[in-house]
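# Close look at the chain arrangement
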Amino acid sequence: MAKQERAIRTRRAILEAAGAVFDEHGYTSTTIAMVLERAEVTKGALYFHFPSKESLAQAVLDEQVPFGAIPSQPCKLQEVIDITFVVGQRLLSNALLRGSVRLAVDQCAPPGVDHTGPFRQWTDHLTPLLEQARAQGELLPTVDPRETVELLVGAFTGIQLMSRALTGRDDLGRRLSVLWSHMLPSIAVPGLLLGLDSRADRGARVLASLESRVA
């Protein structure tokens, strides 16, 4: 059991180090030696978990969706809103998430690294929530949940890239708030709009609430 726990910790340390290096340097310029130095592990330990640079990049990519985990909420549209803000907030400080996001849009990664993973996973994760929202009468009858989610995922990707380029993501919360201010009137029933919270600091408030529950 102790060996298993140690292996889990080592794997996580490697992933977090790789995320940081991929975020800072991109796929092509990142080397295994750079990850080893950042993770402070041996080459044997790294290759035990990840046999190649491609497999390491793929593992970092596959870590993206769990960063949107929040407790279930009665209003499913608010839950989707909160997921976007929580991911945006975590992007400000979490190197593994930042590395995963950069790899998802890195055109220099080889064909062996599946860029489509995070986009498909986010779509598959969020679509059932919007389907529940529709079943609960939260959405306008013309809304197609999957098409709306695909639009949201694409818009979020572009917004965070623009925010990173212009302000180092410092204004990401505000940009997400603007995005939702345009999307919500076209998908939510009018009676729900005033009760939805998409203010710029929503991510910080949701995370603070989660941390207080853990404490």
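All figures in this text were calculated on a predicted structure; none of them were measured in a lab. (Residues numbered from 1 in each chain as written. Predicted model: local features only at pLDDT ≥ 70, side-chain atom pairs only at ≥ 80, totals over all residues. Heavy atoms only, no water.)

### Here we look at the pattern of salt bridges
Counted only if it meets this: Salt bridge, as used here, is a side-chain nitrogen of Lys or Arg placed within 4 Å of a carboxyl oxygen of Asp or Glu. Each helix is a run of H or I in the DSSP string that is no shorter than four residues. Each strand is a run of E no shorter than two, and both are numbered from the N terminus. Between buried and exposed lies partly exposed: a residue is buried under 20% and exposed over 50% of the maximum accessible area for its type, with that area taken using a 1.4 Å probe on protein chains only.
Going through the model one piece at a time under the given rule, you end up with 16 salt bridges. Between R146 and D124 there is a salt bridge; the shortest N-O distance is 3.1 Å. In this pair, R146 sits in helix α8 (residues 145-167) while D124 sits in helix α7 (residues 116-135), placing the two residues 22 residues apart along the sequence. The partly exposed category is assigned to D124, whose relative accessible area is 45%. Residue R146 is joined to E150 by a salt bridge in which the shortest nitrogen-to-oxygen separation is 3.8 Å. Taken together, the residues R146 and E150, both in helix α8 and four residues apart, mark about one turn of the helix. Taking the relative accessible area as the measure of exposure, R146 reaches 37% and is therefore partly exposed.

### Some details on the packing of α8 against helix α9 (residues 172-187)
To keep it simple, the criterion reads: Comment: axis = line fitted to C-alpha atoms, over the contacting stretch for helices; angle = value between 0 and 180 degrees taken between N-to-C directions. Any angle that falls under 35 degrees is termed roughly parallel, while one over 145 is termed roughly antiparallel, one within 65 to 115 roughly perpendicular, and all others oblique. Helix crossings fall into two classes, left-handed where the near helix is turned counterclockwise from the far one by less than a right angle and right-handed where it is turned clockwise. In what follows, residue pairs with any heavy atoms lying within 4.5 Å of each other are defined as contacts. Three classes are used: nonpolar for Ala, Val, Leu, Ile, Met, Phe, Trp, Tyr, Cys and Pro, charged for Asp, Glu, Lys and Arg, and polar for all others, with Gly counted as polar.
At a minimum axis distance of 9 Å, the contact between α8 and α9 shows a crossing angle of 155°. If you check the angle between α8 and α9, you find them roughly antiparallel. Our pair here, α8 against α9, has a crossing hand that is right-handed. Of α9, the residues touching α8 (which contributes T148, L151, L152, A155, F156, I159, Q160, M162, S163 and L166) are L172, R175, L176, L179, W180, M183 and I187. Its residues assigned to classes, the contact of α8 with α9 comprises 13 nonpolar, three polar and one charged.

### Some remarks on the environment of P145
Relative to the elements of secondary structure, P145 occurs in helix α8. When the C-alpha atoms of P145 and S181 are compared, they prove to be 18 Å apart, with 36 residues separating the residues in sequence. For P145, the residues in contact, after removing those within four places along its chain, are T127, L130, E131 and R134.

### Structural notes on the packing of helix α4 (residues 53-61) against helix α6 (residues 95-105)
The N-to-C vectors of α4 and α6 enclose an angle of 110°; their axes lie 8 Å apart at closest approach. Considering the angle they form, α4 stands roughly perpendicular to α6. Between α4 and α6, the contacting residues are A57, V60 and L61 on the first element and L96, G99, S100, L103 and A104 on the second. Across the contact of α4 with α6, the residue classes break down as six nonpolar, two polar and no charged.

### Observations concerning the environment of I81
By secondary structure assignment, the location of I81 is in helix α5 (residues 76-91). On a C-alpha basis, the gap between I81 and L176 in space is 9.2 Å, while along the polypeptide they are 95 residues apart.

### Describing the UniProt feature "DNA-binding region" (unreviewed entry) in the protein chain
To keep things clear, this is the line we draw: UniProt positions are given in the numbering used here, feature names are shortened, and annotations may be inferred rather than shown by experiment.
Under the present numbering, the feature "DNA-binding region" (unreviewed entry) in UniProt falls on residues 31-50. Structurally, residues 31-50 is divided into 75% helix and 0% strand, and its ends, taken at the C-alpha atoms, are 13 Å apart.

### A few points about the packing of aromatic side chains
How we decide: Here the aromatic set is Phe, Tyr and Trp, taking the six-membered ring for Trp, and pairing holds for ring centres within 6.5 Å; pairs whose planes are under 30 degrees apart are stacked, those over 60 apart are edge-to-face, and all others are tilted. A ring is considered to have a charge above it if a Lys NZ or an Arg CZ atom is located within 6 Å of its centre and within 35 degrees of its normal.
Counted by the stated rule, this structure contains one aromatic pair. The interplanar angle of 5° and the centroid separation of 5.9 Å between the aromatic rings of F22 and Y27 together place this pair among those described as stacked. For Y27, a relative accessible area of 6% corresponds to the buried category. Between the NZ or CZ atom of K53 and the centre of the ring of Y27, over which it lies, the distance is 4.3 Å.

### Details of the confidence of the model for the protein chain
Threshold: Every residue is assigned a pLDDT by the predictor, reflecting its confidence on a scale from 0 to 100.
On average, residues of the protein chain carry a pLDDT of 94, and 98% of them reach 70 or more. Highest mean pLDDT in the protein chain belongs to α9 (98); lowest belongs to helix α11 (residues 202-214) (90).

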